Amino acid sequence: MRQLLKKIFPSIVIVKLKQFQLYFHHILAPLFSTSPFLARLYFACFNKSYQREQFANLSGMVAYKKRIVDNAQPSNPLLRRNIHRIEKGLIMQPLKPVFALDYIEQTQEAYFSSLNSENHQHEELLWAGAVLAKYYNVVNVEQSELLTKLVKEFEANSRVTADATHKFTPYKNSELLRSALSYQEFYDFIQVRRSTRWFKQSNVCRQKIKNAIELASQAPSACNRQPYQFYVVDKKPLVSKVSKLAIGSSGFADNIPTIVAVVGDYSFYEHERDRHVIYIDASLAAMQFMQALPTLGLSSCPLNWPELAVQDKKISKLLKLADYKRVIMLIAVGEAEEEGGIPFSQKKTSEQLTQFVE
Ligand SMILES: Cc1cc2nc3c(=O)[nH]c(=O)nc-3n(C[C@H](O)[C@H](O)[C@H](O)COP(=O)(O)O)c2cc1C
């Protein structure tokens, strides 16, 4: 459409049209910002900025239903969520004699279906089986006909070893690894990561990227669903094509040896209420990824991925993303060029960033 308009009208008309559009929005926005309903109307009728996001969100909700029924992918979001809810039930104080009655049947169905799926990730199955075994071990099965029936099915069909039950079920805080790092040591380590924009033109070892992703995977995530993936682009000319799509890479895009797109996946969610979780979970993981890189001799720079339809379409095509997957940010990665400059980027003080609420 944009290209067609450019062909039909002289550029001065396009400029005038854009100015009118801005003026129109300027006049309308205050009026439509007076109530949630009018705001919705404004975005439905006069501003399509949310269109791609809403499209991805809705496609994701449809894809969720399909992936739960087909269960052909390595991870099942419903199983992960429910197993996590059960493990939280297992650490409740005091422990309830019976819990999870409203979703245990659905969880067990998802577990059996995953056991029968060829592609299912092995450790996810071990975790799910172990947590279910522990659950049946601690709840008062006789209190419920449903549980009596389900536990029989579970014992007959599950594949859980004592070893897995020990390894994948809740443990005491006192068993957690204690960090050997002091506050000052960690503070110093945090200073090591700074956004780096000038890199040596050497290839980045893929194993190092995988190691950093391994650490990223330890980040917290809502209901432990981890609805993101790291798309690593390290081959020319794709790396340059992707890097140049980021507006904020201007001037140093050609210098980036590897670009990582952190991609969120809406097909992990049944409801639109969870639409922000892909951004939150992926960003927490992205931070851990960037924090891990200096330990591997690598540096990074996060690159903004604003909501721009044209850019978004292009990157989705380059990365072959399904409609329900969204780029959340790009991260340039490489070995730092020793002489390359680093902006000072003054940080706000903890006083500025803290509000104690009483
Ligand atoms: C979400 C996000 C987007 C960013 N986008 C860009 C970008 O497009 N271009 C760029 O040069 N730096 C970008 N940065 C890097 C910031 O400029 C940098 O993090 C900030 O100045 C603090 O400096 P530091 O990372 O060295 O601590 C981005 C950082 C974040 C977290």
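Please refer to the structure placed before this passage.
Residues numbered from 1 in each chain as written. Predicted model: local features only at pLDDT ≥ 70, side-chain atom pairs only at ≥ 80, totals over all residues. Heavy atoms only, no water.

The next subject is the packing of helix H6 (residues 104-115) against helix H8 (residues 145-157). Describing two packed helices takes the angle between their axes plus the distance from one axis to the other. Contact geometry of H6 with H8 gives a least axis separation of 11 Å together with a crossing angle of 15°. Taken together, the axes of H6 and H8 lie roughly parallel to each other. Of the two elements, H6 crosses H8, and the hand of that crossing is left-handed. The residues of H8 that touch H6, namely those facing Ile104, Glu105, Gln108, Tyr111, Phe112 and Leu115, are Leu146, Leu147, Lys149, Leu150, Glu153, Phe154 and Asn157. Residues of the contact of H6 with H8, tallied by class, amount to 8 nonpolar, 2 polar and 3 charged. (Axes fitted to C-alpha atoms, helices over the stretch in contact; angles between N-to-C directions. Helix = DSSP H or I, 4+ residues; strand = E, 2+ residues; numbered from the N terminus. Parallel < 35°, antiparallel > 145°, perpendicular 65-115°, else oblique. Left-handed = near helix turned anticlockwise from the far one by under 90°. Contact = heavy atoms within 4.5 Å. Nonpolar A, V, L, I, M, F, W, Y, C, P; charged D, E, K, R; others polar.)

Quick look at the sheet that holds strand E3 (residues 299-303) now. Spatially, the 4 strands line up as an open sheet ordered E1-E2-E4-E3, and their pairing is antiparallel. At either margin of the open sheet sits one strand with a lone partner, and together these are strand E1 (228-233) and E3. Taking the axes of each pair of neighbouring strands and ignoring which way they run, one obtains an average angle of 25° across the sheet. Pairing of strand E2 (residues 258-265) with strand E4 (residues 325-334), which is carried by 8 bridges, proceeds in the antiparallel orientation. Each residue of the ladder has a partner; that of Val260, found in E4, is Ile331. (Pairing = 2+ DSSP bridges.)

A word on the nonpolar core. Formed by 32 residues in total, the largest nonpolar core has its most connected members in Ile86, Ile104, Tyr111, Tyr135, Tyr136 and Leu147. Contributions of two or more residues to this core are made by helix H5 (77-90), H6, helix H7 (122-138), H8 and helix H9 (162-168). In terms of residue count, the dominant contributor to this core is H7 (9 residues). The contact partners of Tyr136, leaving out residues within four places of it in the chain, are Ile104, Gln108, Val141, Leu147, Leu150, Val151 and Phe154. (Core = buried A, V, L, I, M, F, W, Y, C linked by side-chain atoms within 4.5 Å. Buried < 20%, exposed > 50% of the residue type's maximum accessible area, 1.4 Å probe, protein only.)

For the rest of this paragraph, the subject is empty space enclosed by the protein. Applying the stated criterion to the full structure yields 1 cavity of 30 Å³ or more. Considered as a void within the structure, the largest cavity measures approximately 30 Å³ in volume. Contributing to the lining of the largest cavity are Leu245, Ala246, Ile247, Trp305, Pro306, Leu308 and Gln311. A per-class count over the lining of the largest cavity returns 6 nonpolar, 1 polar and no charged. (1 Å grid on protein atoms, 1.4 Å probe; cavity = no way out; pocket = protein on both sides within 12 Å on 5 of 7 lines; lining within 4 Å. Points joined across faces, edges and corners; volume = space filled by probe spheres on them.)

Around the ligand, the neighbouring residues are Arg193, Arg194, Ser195, Arg197, Gly248, Phe252, Cys301, Pro302, Leu303, Asn304, Ser345 and Lys347. The separation between an oxygen atom of the ligand and a polar side-chain atom of Arg197 is 2.7 Å. Within the contact set of the ligand, a nitrogen atom lies 2.9 Å away from a backbone nitrogen or oxygen of Asn304. When the ligand is considered free in solution it has 620 Å² of accessible area, and contact with the protein chains removes 66% of it. (Near = heavy atom within 4 Å. Polar contact = N/O pair within 3.5 Å; in protein donor to acceptor, adjacent residues only side chain to side chain. Areas by Shrake-Rupley, 256 points an atom, 1.4 Å probe, with all protein chains shown as cover.)

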